[in-house]
Amino acid sequence: MSESMPPDTTRAAALLELLERHPRVLLTGPPGSGKSTLARSTATALAGRGQVCRCLAADPGLPGFGPPGAVCLGRWDERLGDWQLEAIEALATLDSARFRLPLTEAVRRMAAQVDEGPLLIDAPGVERGIGGAELLPTLAGAGRVSAVVRLAPAQVSDPYPHERATLGLATLSLPAHPRAHHPGKQLRRQWRTAAWDEYLHSAEARELELAALTIVGAPPPGDVPHTWPGRQIGLLDAGGATLAMGEAYALVGDRLSVRTPPLTGTPRTLVIRDARRSAEGQLGTARPHPRSSAASGEAPALSYTPQESATGPRPVLRLDSLRATLVNGVFGDPLLHLRLRHRKRSLLFDLGDPGRLPARLAHQISDVFISHAHVDHIGGFLWLLRSRIGDYSACRVYGPPGLAAHLDGFLRGILWDRVEQKAPRFEVFELHGERLAHYRLVAGQPMQARSPREVDDGVIHAEPSFRVRAITLDHGTPVLAFAYEPATQLKVRKERLNAHGWAPGPWLGELKQRAQEGGDAGEIALPDGSRQPVAGLAEQLLFAQPGQRLVYATDFGDTPENRERLCALAHGAEVLFCEASFREDQAEQARRTGHLTARACGEIAAAAGVGQLVPFHFSRRHVADVSELYAEVGRHFPRLAATPGSESTDEQHDDVEG
């Protein structure tokens, strides 16, 4: 630690001395300067003196305690060594600058609840533009503070010296801890999402009649229901006090399905602004959605508009190492496209109608995982076959027993007299219990059986960056479910990248790939034209974190054996793609055809403890009432990653890298 930087105890001592003369203090400074840490250290020291300290966390983007999207009042609990949440005021936004008026009013009302004792107001780290300039004096006035602390690194100048001077308040400047730094947007988003999930840990599903509530804030359009799921909400009683916050997951007509902690009163007002959980499950700021074109300009009537496309929503998820696209939507033929980032490589799970994929994508498909050979899962093989005529390496195809014969039937039904050395080639693997049978298929030649190999713990494919595990389920015929399991992911330390002045680019992808595959010999060309050893760069710039698992399961009956096997495969996965063909009142139809109900889908996801669920393979009879399926799933597992209207805006050319 630098001698010019006082330790935490010294800074806390300086703040304690200030509190003796000024019991209400506003803590300011840039993001990552350590305001929340200083508040905790000070509260601990006060507890040692027998004094009770309170803190008003006024940064809705990432409060030091309590749910994000709110202003939180806490009382230091010496026994727990943490803040005990006393009250919250729902803002349902993470943007303190844009919504600074509601934020200031919330601080004013909360500060008025504290009659005596030390009060620390932890201000947002907004130190830019008019937003920061206005927040400083308004928060000081709303909190009735008599002193302001600025906590910042020594090299960071005060952006508002004149505004601070006009306050006429006692001012204390303290240096940030030398190791304090801005965590970056990605890490802040992860912390924020974890805090939100913790707040919703005991949440329960409920339905709200919107017509019976006063809606305030900035609600999305009522006639565009897909803009509502994932929205953060606040529920207020008749007096305007916040009963709880929650998360919406479906809008049907004027009924909004939400998850909230248990309520202690009757909600009268619904607060909605711009905080929303993304398709990847992260809580962030929602993008504005254009209003309905209703000519009157009044708030549109709440209604559900059926999907114009027969495929329904087309979910797209972005995980650490890939982008997953349900190509044909939730009603079309099953076909999940995994685009491996920075690799110019794709994997397919099932091979239904590939009409939405460009032909040149077929050249970058290295592996295809087929659940079973029903036509809606394998009919796209002709597209793959035709697209791979040329000088391409063999494509690997995995599936249940009998798959090689089915694919060989496709090949034998075509005349191959002119392909010569450009015949499409496939290595086909069939899972037979603990054995993986192997066949080689070359267009125009007889199928060749190769040596089988033993399967260890269901792993049918493995390479340095990922592996794929499979289990067998029952659909009246053997069906495979798959788990994509990436190796430990390598991330870039952006602060070190910036310190060197190196611009990000393809060279980072090359660095991560070579480090992941153990090829740390040789050098990498840097943006400035120099070259450095792979091993040294990896040690400087990269750090590891666990990969995000993805599980794909479709076409299986709701039996205890199937549930047990799938729950074991999907346990703790980041995302589960799972079929939900019918409603619960159609359970007999589901049983007869060997499919799941929406309820069973939700129950399996809950039992497996997955992070997010993408229900799909809906029966086409529900094209006009798809929201009912989502609502049924959501009652048993609310963390849905895709809901009505989540059609991707990606164009076809975005599905392939040139």
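So, a few notes on the structure that sits alongside this text. (Residues numbered from 1 in each chain as written. Predicted model: local features only at pLDDT ≥ 70, side-chain atom pairs only at ≥ 80, totals over all residues. Heavy atoms only, no water.)

### Side note on the side chain of Arg440
1) Next: Take Arg440: it is sitting in strand β22 (residues 435-442).
2) Next: Residue classification places Arg440 among the buried positions, given a relative accessible area of 18%.
3) Next: At 2.2 Å, the side chain of Arg440 and the side chain of Glu427 are in polar contact.
4) Next: Sequence-distant contacts of Arg440, that is, excluding residues within four places in its chain, are made with Ala394, Arg425, Phe426, Glu427, Pro446, Met447, Gln448 and Arg450. (Helix = DSSP H or I, 4+ residues; strand = E, 2+ residues; numbered from the N terminus. Buried < 20%, exposed > 50% of the residue type's maximum accessible area, 1.4 Å probe, protein only. Polar contact = N/O pair within 3.5 Å; in protein donor to acceptor, adjacent residues only side chain to side chain. Contact = heavy atoms within 4.5 Å.)

### Points about the pairing of strand β6 (residues 147-152)
1) Next: In terms of residue burial, β6 counts as a mostly covered element, since six of its six residues are buried.
2) Next: Across the two faces of β6 the burial is the same, with Ala147, Val149 and Leu151 and Val148, Arg150 and Ala152 all buried.
3) Next: Across six bridges, β6 lies against strand β7 (residues 170-175) in parallel orientation. Counted as the bridge partner of Leu151 is Leu174 from β7. (Pairing = 2+ DSSP bridges.)

### Examining the state of the cysteines
1) Next: On inspection of all chains with the given rule, the structure shows zero disulfides.
2) Next: Cys578 takes part in no disulfide bond, and the closest cysteine sulfur to it belongs to Cys601, at a distance of 4.0 Å. (Disulfide = S-S within 2.5 Å.)

### Describing the side chain of Arg231
1) Next: For Arg231, the location among the structural elements is in strand β10 (residues 231-236).
2) Next: It turns out Arg231 is buried and unbridged, and the closest side chain with the opposite charge, Asp274, is 6.4 Å from it.
3) Next: Look past the residues within four positions of Arg231 in its chain and what remains in contact with it is Pro220, Gly246, Glu247, Ala248, Ile272, Arg273, Asp274, Ala275, Arg276, Ala286 and Arg287. (Lys, Arg positive; Asp, Glu negative; His and termini not counted. Salt bridge = Lys/Arg side-chain N within 4 Å of Asp/Glu carboxyl O.)

### A closer look at helix α11 (residues 506-516)
What sets the pattern is the α-helix's 3.6 residues per turn: residues three or four places apart point alike.
1) Next: What α11 keeps buried is the set Trp507, Leu508, Gly509 and Leu511.
2) Next: On its buried face, α11 sits against β27 (489-492), α10 (494-500), β28 (523-525), α12 (534-541) and β30 (542-545).

### Thoughts on the environment of Pro267
1) Next: Topologically, Pro267 is positioned in the loop between β12 (255-260) and β13 (269-277).
2) Next: In the structure, Pro267 is positioned 24 residues away from Leu243 in sequence and 7.2 Å away in space, judged by C-alpha atoms.
3) Next: The residues contacting Pro267, other than those within four sequence positions of it, are Leu213, Leu235, Leu236 and Leu243.

### A word on the layout of surface pockets
Over the atoms rolls a probe the size of a water molecule, and its path tells where empty space is left.
1) Next: If you add up the space inside the largest pocket, you get close to 1700 Å³.
2) Next: Around the largest pocket sit 49 residues that line it, and Gln186, Asp320, Arg341, Lys491 and Lys512 are the ones nearest its centre.
3) Next: Breaking the lining of the largest pocket down by element, the ones donating at least two residues are α6 (185-199), β27, α10, α11 and β30.
4) Next: Looking at which element gives the most residues to the lining of the largest pocket, the answer is α11, with seven residues.
5) Next: When its residues are assigned to classes, the lining of the largest pocket shows 14 nonpolar, 18 polar and 17 charged. (1 Å grid on protein atoms, 1.4 Å probe; cavity = no way out; pocket = protein on both sides within 12 Å on 5 of 7 lines; lining within 4 Å. Points joined across faces, edges and corners; volume = space filled by probe spheres on them. Nonpolar A, V, L, I, M, F, W, Y, C, P; charged D, E, K, R; others polar.)

### Digging into the sheet that holds strand β17 (residues 336-340)
1) Next: The nine strands lie next to each other as β15-β16-β17-β18-β19-β20-β21-β22-β23, forming an open sheet whose pairing is mixed. A strand with exactly one partner marks an edge of an open sheet, and here the two such strands are β15 (316-318) and β23 (448-454). Pairwise comparison of adjacent strand axes, ignoring direction, gives a mean angle of 20° for this sheet.
2) Next: Alignment of strand β21 (residues 425-432) against β22, held across eight bridges, turns out to be antiparallel. When the sheet's bridge partners are listed, Leu431 is paired in β22 with Leu436.
3) Next: Of the strands in this sheet, β20 (395-399), β21 and β22 touch helix α9 (residues 403-412), which is tilted by about 150° from β21. (Axes fitted to C-alpha atoms, helices over the stretch in contact; angles between N-to-C directions.)

### Quick notes on the nonpolar core
1) Next: Among the nonpolar cores identified, the biggest contains 63 residues, and Phe349, Tyr484 and Phe577 are the most heavily contacted of them.
2) Next: It is helix α15 (residues 598-608) that contributes the most residues to this core, six residues altogether.
3) Next: The residues touching Phe577, leaving out its near neighbours within four places in the chain, are Leu317, Ala324, Leu326, Leu336, Leu550, Val551, Tyr552, Ala553, Val614 and Phe616. (Core = buried A, V, L, I, M, F, W, Y, C linked by side-chain atoms within 4.5 Å.)

### Notes on α6
1) Next: Counted at 1.5 Å a residue, the expected span for α6 with its 15 residues is 21 Å, and the 21 Å between its end C-alpha atoms agrees.
2) Next: Looking only at α6, the buried set comprises Arg188, Arg192, Thr193, Trp196 and Tyr199. Relative to the axis of α6, the buried residues are bounded by an arc of 130° and lie together on one face.
3) Next: Here the buried face of α6 lies against β4 (82-90), β10, β11 (242-252), β13 and β14 (283-285). (Expected span 1.5 Å × (residues − 1). Arc of directions from axis to C-beta.)

Honestly, it's all geometry; don't read function into it.
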